[in-house]
2 protein chains.
Amino acid sequence: MRIITISREFGSGGRELGKRLADILGFDYYDREIITALAEKHDMSEEYLESVLENNFWQTVPLTYHHSFEGIPHFPAINTSLLIEQTKLLKEIAKAGKDCIIVGRNADYILNEYNPLNLFVCSSMEEKIKRCMERENDGEVLTEKKLRRKILQIDKNRAKTRDIISGKRWGYRGTYHLTVNTEGWEIKELAPVIANYATAWFQKAKKD
Amino acid sequence: MRIITISREFGSGGRELGKRLADILGFDYYDREIITALAEKHDMSEEYLESVLENNFWQTVPLTYHHSFEGIPHFPAINTSLLIEQTKLLKEIAKAGKDCIIVGRNADYILNEYNPLNLFVCSSMEEKIKRCMERENDGEVLTEKKLRRKILQIDKNRAKTRDIISGKRWGYRGTYHLTVNTEGWEIKELAPVIANYATAWFQKAKKD
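Nothing here was measured: the structure is a model prediction, and the numbers come from that model.

Engineer: In this structure, what is going on with helix H8 (residues 187-207) of chain B? I would like to understand it.
Structural biologist: For an α-helix, 3.6 residues make a turn, and residues three or four places apart therefore share a direction. Across its 21 residues, H8(B) extends 30 Å between first and last C-alpha, which sits within 8% of the 30 Å expected from 1.5 Å per residue. Taken residue by residue, H8(B) has B:Ile187, B:Leu190, B:Ala191, B:Val193, B:Ile194, B:Ala195, B:Tyr197, B:Ala198, B:Ala200, B:Trp201, B:Phe202 and B:Lys204 as its buried positions. Buried residues in H8(B) make contact with helix H8 (187-207) of chain A together with strand E1 (3-8), helix H1 (14-25), strand E4 (117-122), helix H6 (125-135) and strand E5 (178-181) of chain B.

Engineer: Where do I start with the relation of the copies chain B and chain A in this structure?
Structural biologist: Copy one and copy two of the chain differ by a rotation about an axis and a translation along that axis. Mapping chain B onto chain A leaves a residual RMSD of 0.0 Å; the transformation is a rotation of 180° accompanied by 0.0 Å of translation along its axis. In short, the pair behaves as if placed about a two-fold rotation axis. Scanning chain B for the C-alpha nearest the rotation axis identifies B:Thr179, at a separation of 2.4 Å. Counting the interface residues of chain B, we find that 100% of their copies in chain A are interface residues as well, pointing to one common contact surface.

Engineer: Got a minute to help me understand the interface of chain B and chain A in this structure?
Structural biologist: Reports often express the size of an interface as the amount of accessible area lost when the parts come together. Facing the 27 residues of chain B at the interface are 27 residues of chain A. A per-residue breakdown of the area chain B buries against chain A is headed by B:Arg173, B:Trp185 and B:Lys204, which together make up 29% of the total. The tally of links between chain B and chain A comes to 4 salt bridges. Of all the elements in the fold, those that place two or more residues in the side of chain B that touches chain A are E4, E5 and H8 of chain B. Among the residues making up the side of chain B that touches chain A, the classes are represented as 13 nonpolar, 7 polar and 7 charged. In this structure, strand E5 (residues 178-181) of chain A lies alongside E5(B), joined through 3 bridges in antiparallel fashion.

Cut-offs and rules
Residues numbered from 1 in each chain as written. Chains lettered and ligands numbered in written order. Predicted model: local features only at pLDDT ≥ 70, side-chain atom pairs only at ≥ 80, totals over all residues. Heavy atoms only, no water. Helix = DSSP H or I, 4+ residues; strand = E, 2+ residues; numbered from the N terminus. Expected span 1.5 Å × (residues − 1). Buried < 20%, exposed > 50% of the residue type's maximum accessible area, 1.4 Å probe, protein only. Contact = heavy atoms within 4.5 Å. Least-squares fit on C-alpha atoms with pLDDT ≥ 70 in both. Buried area = accessible area lost by both parts, 1.4 Å probe. Salt bridge = Lys/Arg side-chain N within 4 Å of Asp/Glu carboxyl O. Nonpolar A, V, L, I, M, F, W, Y, C, P; charged D, E, K, R; others polar. Pairing = 2+ DSSP bridges.

Structure (structure tokens):
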């Protein structure tokens, strides 16, 4: 079984890249599906769950409790249990044994024992703002300045969540196998190139 | 004309990757050739030049003089002029108009106007130490501990030189188009994959 995890800067096109890689390689694709499953089970909104699990859960964690999220005093029990459930869900996906791509969720760390190929996707601030503006179709229109602040804030939260969960630096080159800057690329033209890399990577891994 | 620049962590295999890419793509290859030309002209040792130009020249630069290396007081005139000469040499190579790969020398920054493809190559400390041990064929044998310290020191110097020259962060994902972790790869198996990426990148750049 082959697993590709994709970590990404907000607005960098990592999600689209993941979907296209899944199409090209014939892998299953997981992103919001995990949130959706948890939301249905707990009758919570997906937005709330997203913010708890990926972006903000650390805000209630005392900083001295790095590297462990179980048994932290003052840490809302519901957040801890959601995080454990998400971890369980990810491991179930892996145990099912089908080739898959997982975007976000710190899957690179959580599924480490399955030797996933770990990609990181980044881009320039200009292109991230442009991409965010293009996909804003829910009526909420932010100014460029506010979007910039939002992008920086979400990435800061992702980095902090990651640090607390794993102790390995979010976005740091040594944490990933390949760091792809999407600046100047159409994701649909980039995807086959990364798929070619992924195929070679898994061939290599098989020999190890 | 197409230029690929390779920045790299010491011991990561960036030089070998550059050579193999040059072979596969039919590009000219520059690395020590630049140092050799300068050394011959000035009747200096290549080792001294290397340390001045890439690793240590900043040590005499007051930190308040970031982002400009001309007209810095107390900065040894010989170092400044060597750096300017190296910059001139790099620009001459670019002006010659032949496809080429340049390893190190902050070529990504210096040749920015030529829209080079900028790669960064990294690896795990374990593999960097292993690679350094394998290529130590000049009689100097360092212990693992000393090698680790040497690797960290050289990269620290490279980062500082880069910061002073360009103001853009050495090794930071946003500075490069692709960051390649060579951990677990035979460079000869990795090279065709990166060559495939480079070819696609230049096709895309042509359309822009």
